Amino acid sequence: MTFSPSHRVDLKRMASKASLKQKFLKKWMEGLRTYGSSNPFTTVSERKRIIKLSADIAMASIQEGATKWSRALIENASQGMDTFKKSAMSDDRGARLPSAASVAKKIASKKISKSRRRRTRICEPPRPKRLQARSIAKRLVKKRTQVLKNLVPGGESMDDASLIKETLDYIMSLQVQVDVMRSLACMSEHLHRK
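Procedures and definitions
Residues numbered from 1 in each chain as written. Predicted model: local features only at pLDDT ≥ 70, side-chain atom pairs only at ≥ 80, totals over all residues. Heavy atoms only, no water. Helix = DSSP H or I, 4+ residues; strand = E, 2+ residues; numbered from the N terminus. Expected span 1.5 Å × (residues − 1). Polar contact = N/O pair within 3.5 Å; in protein donor to acceptor, adjacent residues only side chain to side chain. Core = buried A, V, L, I, M, F, W, Y, C linked by side-chain atoms within 4.5 Å. Buried < 20%, exposed > 50% of the residue type's maximum accessible area, 1.4 Å probe, protein only. Contact = heavy atoms within 4.5 Å. Phe/Tyr/Trp six-rings, centres within 6.5 Å; stacked < 30°, edge-to-face > 60°. Axes fitted to C-alpha atoms, helices over the stretch in contact; angles between N-to-C directions. Parallel < 35°, antiparallel > 145°, perpendicular 65-115°, else oblique. Left-handed = near helix turned anticlockwise from the far one by under 90°. Nonpolar A, V, L, I, M, F, W, Y, C, P; charged D, E, K, R; others polar. Salt bridge = Lys/Arg side-chain N within 4 Å of Asp/Glu carboxyl O. pLDDT = per-residue confidence, 0-100.

Caption draft 1: Local environment of the environment of Ala-60. Mapped onto the elements, Ala-60 comes out in helix α2 (residues 44-63). Expressed as a C-alpha distance, the spacing of Ala-60 and Leu-73, which sit 13 residues apart in the sequence, is 6.3 Å.

What follows is the structure, given as structure tokens:
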């Protein structure tokens, strides 16, 4: 049986994805043992944070620092361990609760920026349709790029070209993580049925 070049690429990709899954599972289990065994009396929200933290570290460590998102995840995870230890002032997701003053300041700045935008829109002279469409498209691309930068760890400091490359790599790693977790959930469900 002979394979075309595209079939060879698919087989190679499947083999590399399988090895990534094995590496992720191994590192994730090590992380769960490390972080989960420190306190047997953890709450459900603490267990969720431990699972997420160990999954993030496992996913990033597979990359061995080769990508910006993996380095950012490891940095975020090290900060996450600090907040995990000081969780008295945090919500159930592990995020520090903002002070009332900082919330009020953010709301006030949003109101000011909205009113400024309204004023500038009213004062602008009408543009030709083609220029308006181009302007709208640029704003849409800029807005969606910003959303992407917020989704990918470390994305805030990336240029657009590296953001796309890092995003593709991050999506592949997330897919590996989802596949492994889904397989574990199915196995657990199957074992509980017996």
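Caption draft 2: Local environment of helix α6 (residues 160-193). End to end, α6 covers 49 Å across 34 residues, agreeing with the expected 50 Å (1.5 Å per residue, within 8%). Where α6 begins, the capping side chain belongs to Asp-159, and its oxygen is found 3.1 Å from the backbone nitrogen of Ala-161.

Caption draft 3: Region of interest: the nonpolar core. Phe-24, Trp-28, Met-59, Trp-69, Leu-73, Val-152 and Tyr-170 are the most contacted members of the largest nonpolar core, which totals 16 residues. Breaking this core down by element, the ones donating at least two residues are α1 (5-36), α2, α3 (68-85) and α6. For this core, the element with the most residues is α2, which contributes five residues. Apart from the residues lying within four places of it in its own chain, the contact partners of Trp-28 are Ile-51, Ser-54, Ala-55, Ala-58, Val-180, Met-181 and Leu-184.

Caption draft 4: Region of interest: the packing of aromatic side chains. One pass over the full model with this rule turns up two aromatic pairs. Pairing Phe-24 with Trp-28 gives two aromatic rings, centres 5.6 Å apart and planes at 20 degrees, and the pair type is stacked. Taken together, the residues span about one helical turn, with Phe-24 and Trp-28 both in helix α1 at a distance of four residues. You can call Trp-28 buried: its relative accessible area is 7%.

Caption draft 5: Looking closely at the packing of helix α5 (residues 129-151) against α6. α6 packs onto α5 with a crossing angle of 50 degrees between their chain directions and a minimal axis gap of 11 Å. Considering their axes alone, α5 and α6 lie oblique with respect to each other. The chirality of how α5 crosses α6 is left-handed. In this structure, α5 contributes Thr-145, Leu-148, Lys-149 and Leu-151 to the contact, and α6 contributes Asp-160, Leu-163, Thr-167 and Tyr-170. For the contact of α5 with α6, a count of residues per class yields four nonpolar, two polar and two charged.

Caption draft 6: Geometry of the pattern of salt bridges. Going through the model one piece at a time under the given rule, you end up with four salt bridges. A salt bridge links Lys-17 to Asp-179; the nearest nitrogen and oxygen atoms lie 3.8 Å apart. A residue pair is termed long-range when its members are at least 10 positions apart, and Lys-17 in helix α1 and Asp-179 in helix α6 qualify at 162 residues. For Lys-17, a relative accessible area of 27% translates into the label partly exposed. Between Asp-179 and Lys-21 there is a salt bridge; the shortest N-O distance is 3.3 Å.

Caption draft 7: Geometry of α5. The terminal C-alpha atoms of α5 lie 33 Å apart, and with 23 residues this matches the ideal 33 Å at 1.5 Å per residue to within 8%. Those residues of α5 that fall on the buried side of the exposure criterion are Ser-135, Thr-145 and Lys-149. Where the residues of α5 are buried, they touch α6.

Caption draft 8: Local environment of the confidence of the model for the protein. Chain-level statistics for the protein give a pLDDT mean of 75 and a share of 65% at 70 or above. The lowest-confidence element of the protein is helix α4 (residues 100-123), averaging 50 in pLDDT; the highest-confidence one is α6, averaging 91. Contacts for the low-pLDDT stretch residues 86-108, under 50 throughout, to residues beyond four places or in other chains number 17 contacts.

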